[in-house]
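Below, each chain spelled out in residue letters.
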Amino acid sequence: MISRSLGPEFGGAVGLCFYLGTTFAGSLYILGTIEILLTYIVPTATLFEAKTVEGEESAALNNTRVYGTCCLLLMALIVFVGVKYVNKLALVFLACVMLSIMATYAGVIKTLIEPSEATVCLLGNRSLKNDEFEVCAKTQIVNNQTLTTDLWRLFCNSEHLNATCDDYFSLNNVTEIPAIPGLLSGVIKDNLWGDYGPAYTLIEKKNQDSVPAQDSSGDIYKPYVFSDITTFFTLLVGIYFPSVTGIMAGSNRSGDLRDAQRSIPIGTIMAILTTSFFYISCVLLFGACIEGVVLRDKFGDSVKKNPVIGVLAWPSPWVIVIGSFFSCCGAGLQSLTGAPRLLQAIARDGIIPFLQIFGHGKTNGEPTWALLLTVGICEIGILIASLDAVAPILSMFFLMCYLFVNLACAVQTLLRTPNWRPRFQFYHWTLSFLGMSLCLSLMFISSWYYALVAMVIAGVIYKYIEFRGAEKEWGDGLRGLSLNAARYALTHLEEAPLHTKNWRPQLLVLCKFDLHLALKHPRLLSFTTQLKAGKGLTIVCSVLEGTYMTRGSDAKTGEQNLKAAMAAEKTKGFSHVVVSSNLRDGFSLLIQSAGLGGMKHNAVLMAWPAGWKQARDFSSKRNFIETVRETTEAHQALLVAKNIDHFPSNQDRLKEGTIDVWWIVHDGGLLMLLPFLISQHKVWKKCKMRIFTVAQMDDNSIQMKKDLQMFLYHLRLNAVVEVVEMHDSDISAFTYEKTLMMEQRSQMLKQMQLSRTEREREAQLIHDRNTASHSTKEDKTLTDKPDHVQMTWTKDKMINERNKHREAMGVKDMFNMKPEWGNLNQSNVRRMHTAVKLNEVVVKKSRDSQLVLLNMPGPPKNKEGDENYMEFLEVLMEGLDRVLLVRGGGCEVITIYS
């Protein structure tokens, strides 16, 4: 029931806990059987004797272990022979239980007519064991002669009147009071309040006068009645709870019911009402009829070693003794019958692999192997040999089972699962929630350490099933809960724009298949896993050429291959394969439509098309550039990995090396954020981060380095900063001026909301440097005035820039969004010259680095420049092994604030 409602993980965990609870219940009932046998039926049938108090306790435990083991083997043999014999004996056991209940109520009624003859002997206010003496008095007159009694001899060193006696015995009188005062005696007023205490506390009548003795060290050796365990309310709740665990017996054997969905609600509710009536009425009637010292006398030592309820029952205490004995036997047999079948059902579900052997049995279906394991676990409870110690253990397991039954009903009702259509209409989810809360509270109230142990056991089983992967799927309610939570989260993600501090790479990974629908570059998924320190969304997708009608099965096969590759590379995310008439349109659709609501990708990761120059792979160049254009238009970041097959796998560990960032353009800070995320993964953890920026010979490189170091300090990034100086003829002014120029840095820091003092310092630097930069707008030429800040230029630099502008015939910035990449002319020659010189510097500095991150220039606006654009990128990356080209999405992705 739980596994079908909450899933196989919860079902397996709680099912095994319920099995353990049922098994320990068998131990409890067998211990109860042996306790009744050795205490009331044949108290002389002991194997171990002892003279001291400690020895008596040890001997009693050993007697219980030996007789309990024999009883367990006998019951196991009966269950092994056949459950039909257990079912036949069940009627006999039920008759004994009913007879005991009737005898108890008859005894209560009898107290109204005739008081009971049973009495309790008190010395002062202390209750005495009266099995060793007949007369409750110190002396008695026989033939006009005063003689001492058997009670005298228990407290004095001789039977003579001048003997030396115990101080408490000498100072206090002996009185005899009725053990069963009766229903109308008013004794319920004294029994109404609790009287708890530590172990070996004397049982005393509180309103009885007594004179305390000076020395009480020998009390334990006197015939006083003591409490055997420490008592407090929550402990007694845990001991009492197993007596109400039978209300779900019908549910546990629902397979034998003719109409389970009709019988279970009626039977369970009737069981609750019946047991509640009997238990509550018995508690009230016992408190109203029985003397308090007798109620606290666990074994009836003060009433001739009779069970307390037996003294109340009519016509004889033996009705209770025999009824309790057979009812415990019957309950033990039922537990040994039900527990193996429960384990067999769990094993046959196939959700816990190592339990599969217990799903087999005899030819008639009897669970032989499960019975053997049940007997072994049951023996552990018998070796504990204490009914009071075993009871809280099984209480935890039963309470956990009831907790999850209530949780299953509440979850199904709240989610309004279409398949949740209970026939029982008089129900509200708050009842289940209340029951769940009560179960959880009772677990910790009765025994917090047992509750923690039970939860740890259930948690270990749950994680094991989750780790191994449950083979069965039953459409559990938690799936519906996940759907509701996902819908709620997606709806609220779109209500407000994403703040910079919450930005993380949400990747759309563009993959390609070979002719056998296998992934071409598995290391692309490895790098995705290493990059996901930001824990964002990952969508791994690919495109098949053709129509869905003809390649639908290939799409499903490809998606399965993607999932397998993601599992192998430990990539957490989603996979998707679409069929399109050509690859370009397919990838375009994915860039536009992948994701859902607020969970859409903001970055695209792909491999560099190494074979773009080859005639057979001519379309790869066009597809690549169109992808760059579309991501630019969609304001999405683009990551292009060169030599992706040379990137480390998830099993590699780079012992040393650097991750080099060539910061040519501040494109939203993505170039700064990516190496930080990569270095969080264990593959790159030992690599150091270096940041390079470019300056001209006449610039203040020292001040530029200090500014960049301060910028990284505010970003809380650990990196080595290097400023590379290049001649004006080697790199154009527009390349340098887009690095860390004062105006752009001022705007960047202002967007990141630096303090007023820091902004003023930046403004002072701008004034002192007496420099300027271009506007950040995409369509501005080099000579346009900036929109935001009016900057001053030196006369020489202004003339120089105008001459360059005339020579370039209006060429835009190489690293701007949409430069002109026309036919081979002077401006393109100049670009290639810049790329060659920049590549020489990058190779010189970063040849041995583990990874190089470079800014990626914008794509050409017209298709005539595609060839030059690809050649430029090739030249820029030549001589470098692992390169990641990065193009930002046009928004800030990193901030100095947490």
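For the structure itself, look to the data block above.
Owing to the predicted nature of the structure, the values given are computational and were not obtained by experimental measurement.

1. Notes on the overall build of the protein
No. 1: The secondary structure content of the protein amounts to 30 helices and 15 strands.
No. 2: Out of the 898 residues belonging to the protein, those deemed buried represent 48%.
No. 3: If you take every contact in the protein between residues at least 6 apart in sequence, the share linking residues at least 24 apart comes to 78%.
No. 4: Surface accessibility of the protein: about 45,200 Å² in total, with carbon and sulfur atoms responsible for 59%.

2. Overview of the environment of Lys305
No. 1: Secondary-structure assignment places Lys305 in the loop between α11 (292-295) and α12 (308-312).
No. 2: Judged by its relative accessible area of 38%, Lys305 falls in the partly exposed class.
No. 3: A C-alpha to C-alpha distance of 6.8 Å links Lys305 and Asp131, two positions 174 residues apart in sequence.
No. 4: In this structure Lys305 touches Tyr40, Asp131, Phe299 and Gly300, once residues within four positions along its chain are discounted.

3. Topic: the environment of Ile41
No. 1: Assignment of secondary structure puts Ile41 in helix α2 (residues 8-41).
No. 2: In this structure Ile41 comes out as partly exposed when scored by relative accessible area, which is 26%.
No. 3: Along the primary structure Ile41 and Phe325 are separated by 284 residues, whereas in three dimensions their C-alpha atoms are 9.2 Å apart.
No. 4: Residues within four places of Ile41 in sequence aside, it is in contact with Ile36, Trp318, Val321 and Phe325.

4. Let's talk about the packing of α2 against helix α17 (residues 448-468)
No. 1: Between α2 and α17, whose axes approach to 8 Å, the crossing angle comes to 140 degrees. It follows from the interaxial angle that α2 and α17 lie oblique. Classified by chirality, the crossing of α17 by α2 is right-handed. Here α2 contributes Pro8, Glu9, Phe10, Gly12, Ala13, Leu16, Cys17 and Leu20 to the contact with α17, which in turn contributes Ala454, Ile457, Ala458, Ile461, Tyr462, Ile465 and Glu466.

5. So, the packing of helix α15 (residues 387-415) against α17
No. 1: With their axes 9 Å apart at the nearest point, α15 and α17 run at an angle of 50 degrees to one another. By the angle between their axes, α15 is oblique relative to α17. The handedness of the crossing between α15 and α17 is right-handed. Every residue of α17 that contacts α15 at Ala389, Pro392, Ile393, Met396, Phe397 and Met400 is listed here: Tyr450, Ala451, Ala454, Met455, Ile457 and Ala458.

6. Considerations on the packing of aromatic side chains
Each pair of aromatic rings is reported with the distance of its centres and the angle of its planes.
No. 1: Per the counting criterion, the structure on display carries 19 aromatic pairs.
No. 2: Here the aromatic rings of Trp662 and Phe692 are separated by 4.5 Å at their centres, their planes lie at 10 degrees, and the arrangement is stacked. You can see Trp662 sitting in strand β11 (residues 658-662) and its partner Phe692 sitting in strand β12 (residues 688-696), a full 30 residues away along the chain. Considered together, Trp662 and Phe692 belong to a single accessibility category, that of buried residues.
No. 3: Linked through ring pairs, Trp152, Phe155, Tyr168, Phe169 and Tyr224 together constitute an aromatic cluster.
No. 4: The ring of Tyr224 is capped by Arg126, whose NZ or CZ atom sits 5.0 Å from the centre of that ring.

7. Some remarks on the state of the cysteines
No. 1: Inspection of every chain in the model, using the stated rule, returns two disulfides.
No. 2: Note that Cys121 is cross-linked by a disulfide to Cys136, the S-S spacing being 2.0 Å. As the torsion about the S-S bond is roughly 85 degrees, the Cys121-Cys136 disulfide counts as right-handed. Taken together, the residues span a long stretch of sequence, with Cys121 in strand β1 (residues 119-123) and Cys136 in the loop between β2 (126-127) and β3 (139-142) at a distance of 15 residues.
No. 3: The buried category is assigned to Cys121, whose relative accessible area is 2%.
No. 4: Given the relative accessible area of 14%, Cys136 is considered buried.
No. 5: Between the sulfur atoms of Cys156 and its disulfide partner Cys165 the distance amounts to 1.7 Å.

8. Comments concerning the side chain of Arg629
No. 1: Along the chain, Arg629 turns up in helix α22 (residues 618-633).
No. 2: Aside from chain neighbours lying at most four places away, what touches Arg629 is Pro859, Pro860, Lys861, Asn862, Lys863 and Asp866.

9. Considering the nonpolar core
No. 1: Counting 55 residues, the largest nonpolar core has Phe527, Leu639, Met672, Leu851, Leu853 and Leu884 as its most contacted members.
No. 2: Ranked by residue count, the leading element in this core is helix α23 (residues 670-679), at seven residues.
No. 3: Counting residues in hydrophobic clusters, the runner-up holds 49 residues, among them Ala25, Leu28, Leu394 and Cys401.

10. Notes on the pattern of salt bridges
No. 1: Using the criterion set out here, one finds 16 salt bridges in the structure.
No. 2: Between Lys298 and Asp388 there is a salt bridge, with the nearest N and O atoms lying 2.5 Å from each other. On the criterion of sequence distance, the pair formed by Lys298 in the loop between α11 and α12 and Asp388 in helix α15 is long-range, its members being 90 residues apart.
No. 3: Between Lys837 and Glu840 there is a salt bridge whose closest N-O contact spans 4.0 Å. Of this pair, Lys837 and Glu840 both sit in helix α29 (residues 826-846), three residues apart, which is roughly one turn of that helix.
No. 4: Note on Lys837: relative accessible area 25%, which makes it partly exposed.

11. Structural notes on the sheet that holds strand β5 (residues 174-178)
No. 1: Strands sit in the order β2-β1-β5 across an open sheet of three strands; the sheet is antiparallel. The two strands at the open ends of the sheet, each matched to only one other strand, are β2 and β5.
No. 2: Judged from the two bridges that link them, β1 and β2 form a sheet pairing that is antiparallel. Each residue of the ladder has a partner; that of Leu122, found in β2, is Ser127.

What counts as what
Residues numbered from 1 in each chain as written. Predicted model: local features only at pLDDT ≥ 70, side-chain atom pairs only at ≥ 80, totals over all residues. Heavy atoms only, no water. Helix = DSSP H or I, 4+ residues; strand = E, 2+ residues; numbered from the N terminus. Buried < 20%, exposed > 50% of the residue type's maximum accessible area, 1.4 Å probe, protein only. Contact = heavy atoms within 4.5 Å. Areas by Shrake-Rupley, 256 points an atom, 1.4 Å probe, with all protein chains shown as cover. Axes fitted to C-alpha atoms, helices over the stretch in contact; angles between N-to-C directions. Parallel < 35°, antiparallel > 145°, perpendicular 65-115°, else oblique. Left-handed = near helix turned anticlockwise from the far one by under 90°. Phe/Tyr/Trp six-rings, centres within 6.5 Å; stacked < 30°, edge-to-face > 60°. Lys NZ or Arg CZ within 6 Å of the ring centre and 35° of its normal. Disulfide = S-S within 2.5 Å. Core = buried A, V, L, I, M, F, W, Y, C linked by side-chain atoms within 4.5 Å. Salt bridge = Lys/Arg side-chain N within 4 Å of Asp/Glu carboxyl O. Pairing = 2+ DSSP bridges.

Without other data, these values stay purely geometric and don't point to any function.
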